[in-house]
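# Architecture at a glance
Residue-level listing of the chains:
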Amino acid sequence: MSTSECSTGMKWTSGDSGSSLMHPGGNCIQCHADRGEGPRFVAAGTVHAAAHEANDCAGIEGAQVTLTDANQKEYTLTTNASGNFFLHAGDAKDFASPYTARISVDGVQRAMNTPQSSGACGSCHTAPGDNGAPGRIGPT
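Residues numbered from 1 in each chain as written. Predicted model: local features only at pLDDT ≥ 70, side-chain atom pairs only at ≥ 80, totals over all residues. Heavy atoms only, no water.

## Here we look at the pattern of salt bridges
According to the stated counting rule, one finds 3 salt bridges in the structure shown. Of the charged contacts, one joins K11 and E5 as a salt bridge, the two residues approaching to 2.8 Å between their closest N and O atoms. The residue R102 makes a salt bridge to E74 at a minimum N-O spacing of 3.7 Å. Taken together, the residues span a long stretch of sequence, with R102 in strand β5 (residues 100–105) and E74 in strand β3 (residues 74–78) at a distance of 28 residues. Residue R102 is classed as partly exposed on the basis of its relative accessible area, which comes to 29%. A residue is classified by how much of its surface remains accessible, and E74, at 46% relative accessible area, is partly exposed. (Salt bridge = Lys/Arg side-chain N within 4 Å of Asp/Glu carboxyl O. Helix = DSSP H or I, 4+ residues; strand = E, 2+ residues; numbered from the N terminus. Buried < 20%, exposed > 50% of the residue type's maximum accessible area, 1.4 Å probe, protein only.)

Pasting the structure below:
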């Protein structure tokens, strides 16, 4: 659904239906654990166009998210139409923390300064920014 409150003009309005496009900006890993349904992720989040985007505002499609684990193995993920990315647990059985993360959007790259041990990107990259995060993950 279109909306002017989101920088991309799109907002998730379909409730909790099972979709990889659901709830951009949310804490995917925590929600799936709390509800006991949906796939298990090693890492999941949303790349947004604006640093302080509201929950459920769609992010940027086609951004590249590269996670490099403690064994220097790289996992490159591409964001979907909602800006969501995820690394399924079954696709990363040997994933070792801590890991580093970087995004690339239209040639602009940003990297996290500190290695991470939690793949719940939406737990820190909230609209206001929690636990030292500057807000949403995005190119600016």
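## Re the packing of aromatic side chains
Evaluated as defined, the whole model comprises 3 aromatic pairs. Between F95 and Y99 the ring centres are 5.6 Å apart and the planes differ by 55 degrees, which places this aromatic pair in the tilted class. Among the residues examined, Y99 registers a relative accessible area of 2% and is labelled buried. Among the aromatic residues, those joined into a ring-pair cluster are Y75, F95 and Y99. (Phe/Tyr/Trp six-rings, centres within 6.5 Å; stacked < 30°, edge-to-face > 60°.)

## Re the sheet that holds strand β2 (residues 64–68)
Paired through backbone hydrogen bonds, the strands of a sheet run either parallel or antiparallel to each other. Here we have 4 strands laid out as an open sheet, ordered β3-β2-β5-β6, and antiparallel in their pairing. The open sheet has two edge strands, β3 and β6 (108–111), and neither has a second partner. Averaged over all pairs of adjacent strands, the angle between strand axes in this sheet comes to 20 degrees, irrespective of strand direction. Pairing geometry for β2 and β3, over 5 bridges, is antiparallel. Bridge pairing in β3 places V65 opposite L77. (Pairing = 2+ DSSP bridges. Axes fitted to C-alpha atoms, helices over the stretch in contact; angles between N-to-C directions.)

## Focus on the side chain of R136
Among the secondary structure elements, R136 is positioned in the segment after β6. As a buried residue without a salt bridge, R136 has its nearest oppositely charged side chain in E53, at a separation of 7.3 Å. Polar contacts involving the side chain of R136 include one to the side chain of N55, which spans 2.6 Å. There is a polar contact of 3.0 Å between the side chain of R136 and the backbone oxygen of H125. (Lys, Arg positive; Asp, Glu negative; His and termini not counted. Polar contact = N/O pair within 3.5 Å; in protein donor to acceptor, adjacent residues only side chain to side chain.)

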